[in-house]
Amino acid sequence: MLLLSFTASFAQHPVSIIPQPQEITLQEGKLSFEKVRLQFSNTSLKKYLAKEFKKYDLAQISKKKGVAIVLENDDLQKNPESYRLSISNRGVEIAAGGQAGLFYGIQSLLQIMRENNDSKTLPFCEIVDEPRYGWRGFMVDESRHFVGKQKVKQILDYMAFHKMNVFHWHLTDAQGWRIEIKKYPKLTTIGAKGNETNANAPAQFYSQKDIQEIVKYATERQIQVIPEIDMPGHASAAILAYPENGGGGSEKHPNFTFNPGKEETYTFLQDILTEVAALFPSKYIHIGGDEVSFGNEKWPQLPEVQQLMKKENLKSMLDVEHYFIRRIQKHVKSLGKTMLGWDELAESGVPVNEVALMWWRHDKPEILDQILANKYPIILCPRVPLYLDFKQYESHKNGRTWGGKYATLEGIYEFPESLHRNVDSQQILGVQGNLWTERFSSSNSIDFMIFPRLAAISESGWTKPENKDQASFNKRLATILKLYDQDKLYYFNPFDISQHPEPAGVGATEWQKNHVK
């Protein structure tokens, strides 16, 4: 693998924004920003700007002196995420189609200010911008190793920095249950104990108050938080707490599934989803739905499943699985939400207009074609190149590979055009990167896998293909890495692999022993 290269002169370019705006025009002249006047009434954005100015020592806020920063709604901007940023001798003007657009204009302004903080000057320029996709997501798995509230907030900060707008929060799985459900307290007193590598680790989870705090934090940054509550598989932690709902497992994956034939199981899960829906204002609830065959071999012997098959005229265990999915989907709909699930749901018979799917099995392109043919809304998040638990460089030891393939920065940047399909179809909601945490538990190891690949995901989701250029991205990234340094992120530096040596991760033997996804 070749090291990336860039020219030193470009690294000093006054405007190095990631993701690349759709239109940017540089003009002659500069504007001093030692003092600024916030000439707008939007209280939440005023507070946000004030915190960022103080955090990075960017500018003093004055009521009478300094550069005027003006925000205004622009009815001509039809996309609420679009914005226009103008820096001139009149000051800074941001016009947008909605609150999200104003926020993204602010992000571009903050990137330029931070890059030019030594001189305290802004280059005259005009940026006209809007996202390519409405879904620009990132997922963190907290079941296998718990990340924690402060780390989640830092990830949300950098999602906002890169104009990403969906945080997919994988909160339950076989290894641990990480969200408080008041009706079923044993989910956290028992189910939250342990993790991927230590079954005796103390219980770690988010209280409902924690959830509300993080959702509010994300909302302020124009990010919707989508919870994932895994079912009918990946359920071992929940079944450890409430074994009466178990449907069995396999030697490798014990107690892996819920019992799909038991009415009490549906009551249990519907109660959980009802509490979850009240905590998350997002449009979606993710129910997993993947890899059920890993642990459903006991289903044929369960009397409740036998009765269900007879009653509903179900012929196979796959039919039983799909019955479960359809029934859960109806409850999700009754909560005013849309069900989201992995691509296995494509054959479940769920109505096309009442579900969205995530294509993750990169080795099964026929599933993608089937989803597109059947007109399901879809988010693209294939393992290669968008699973960030995969290795990103040939000398690294702790990441996964698939047939020798990595999830490289270049591969992410070339996505989704590399699919050689109609990636501008209205069915494709957007793109998402996923970080599974089997092998990663420390803050440094998590940073190392996320950054700077998150930047490439953001540009692949935001920037139109005709404006994407790998060489340009590399040059801009060299500047952005300096901003990562300010927050002490332990990122992988593709320009100097010695800067941050690969952190120790969970040993491959330990990881493989319990590997599920």
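Rules used throughout
- Residues numbered from 1 in each chain as written.
- Predicted model: local features only at pLDDT ≥ 70, side-chain atom pairs only at ≥ 80, totals over all residues.
- Heavy atoms only, no water.
- Axes fitted to C-alpha atoms, helices over the stretch in contact; angles between N-to-C directions.
- Helix = DSSP H or I, 4+ residues; strand = E, 2+ residues; numbered from the N terminus.
- Parallel < 35°, antiparallel > 145°, perpendicular 65-115°, else oblique.
- Contact = heavy atoms within 4.5 Å.
- Nonpolar A, V, L, I, M, F, W, Y, C, P; charged D, E, K, R; others polar.
- Pairing = 2+ DSSP bridges.
- Buried < 20%, exposed > 50% of the residue type's maximum accessible area, 1.4 Å probe, protein only.
- Lys, Arg positive; Asp, Glu negative; His and termini not counted.
- Salt bridge = Lys/Arg side-chain N within 4 Å of Asp/Glu carboxyl O.
- Phe/Tyr/Trp six-rings, centres within 6.5 Å; stacked < 30°, edge-to-face > 60°.
- Lys NZ or Arg CZ within 6 Å of the ring centre and 35° of its normal.

Caption draft 1: Expanded view of the packing of helix α3 (residues 99–115) against helix α4 (residues 149–161). Relative to each other, α3 and α4 sit at 95°, their axes nearing to 9 Å. By the angle between their axes, α3 is roughly perpendicular relative to α4. Within the contact between the two elements, α3 uses F103, Q107, Q111 and R114 and α4 uses Y158, A160 and F161. Tallied by class, the residues present in the contact of α3 with α4 amount to four nonpolar, two polar and one charged.

Caption draft 2: Region of the structure containing the sheet that holds strand β13 (residues 355–359). Taken in spatial order, the eight strands close into a barrel running β8-β9-β10-β11-β12-β13-β14-β15, and their pairing is parallel. Ignoring which end each strand starts from, the neighbouring axes of this sheet average 30° apart. Here strand β11 (residues 284–288) pairs with strand β12 (residues 338–342) via three bridges, running parallel. Following the sheet pairing, I285 is matched in β12 by M339. Its contacts with the sheet place α4 against β8 (135–141) and β9 (166–170), and it is angled at close to 155° to β9.

Caption draft 3: Local environment of the side chain of E321. When you line up the elements, E321 lands in helix α10 (residues 317–334). An unpaired buried charge is present at E321: no salt bridge exists, and R361, the closest side chain of opposite charge, is 8.7 Å distant. Not counting residues within four places of it along the chain, the set of residues in contact with E321 comprises G289, V292 and W299.

Caption draft 4: How the structure looks around the packing of aromatic side chains. Per the counting criterion, the structure on display carries 29 aromatic pairs. On the numbers, 6.4 Å between centres and 90° between planes, the contact of Y266 with Y323 is edge-to-face. Here the residue Y266 occupies a position in helix α8 (residues 263–279), and Y323 occupies one in helix α10, the gap between them amounting to 57 residues. Across the pair, exposure class does not vary: Y266 and Y323 are buried alike. Relative to Y490, the ring of F448 lies with its centre 6.3 Å away and its plane at 40°, an arrangement referred to as tilted. Residue F448 is found in helix α14 (residues 443–450), and its partner Y490 is found in the loop between α16 (470–486) and α17 (508–513); the two are separated by 42 residues along the sequence. Of the residues examined, F448 reaches a relative accessible area of 1% and is grouped as buried. Ring pairing ties together the aromatic residues F146, F167, W169, Y206 and F280, which thus form one cluster. Between K163 and the ring centre of W462, over which it is positioned, the NZ or CZ distance is 5.8 Å.

Caption draft 5: A look at the pattern of salt bridges. Summed over all chains, the structure comprises 25 salt bridges. Residue K183 is joined to D271 by a salt bridge in which the shortest nitrogen-to-oxygen separation is 3.1 Å. With K183 in the loop between β9 and α5 (186–189) and D271 in helix α8, this pair connects stretches of sequence that are 88 residues apart. Residue D271 is classed as buried on the basis of its relative accessible area, which comes to 18%. A salt bridge links D369 to R421, with the nearest nitrogen and oxygen atoms 2.6 Å apart. Here D369, found in helix α11 (residues 365–373), pairs with R421, found in the loop between α13 (409–413) and β15 (428–435); they are 52 residues apart in sequence, far enough to count as distant. The partly exposed category is assigned to D369, whose relative accessible area is 35%. Put simply, R132, E417, D424 and K468 are held in one network by salt bridges that share partners.

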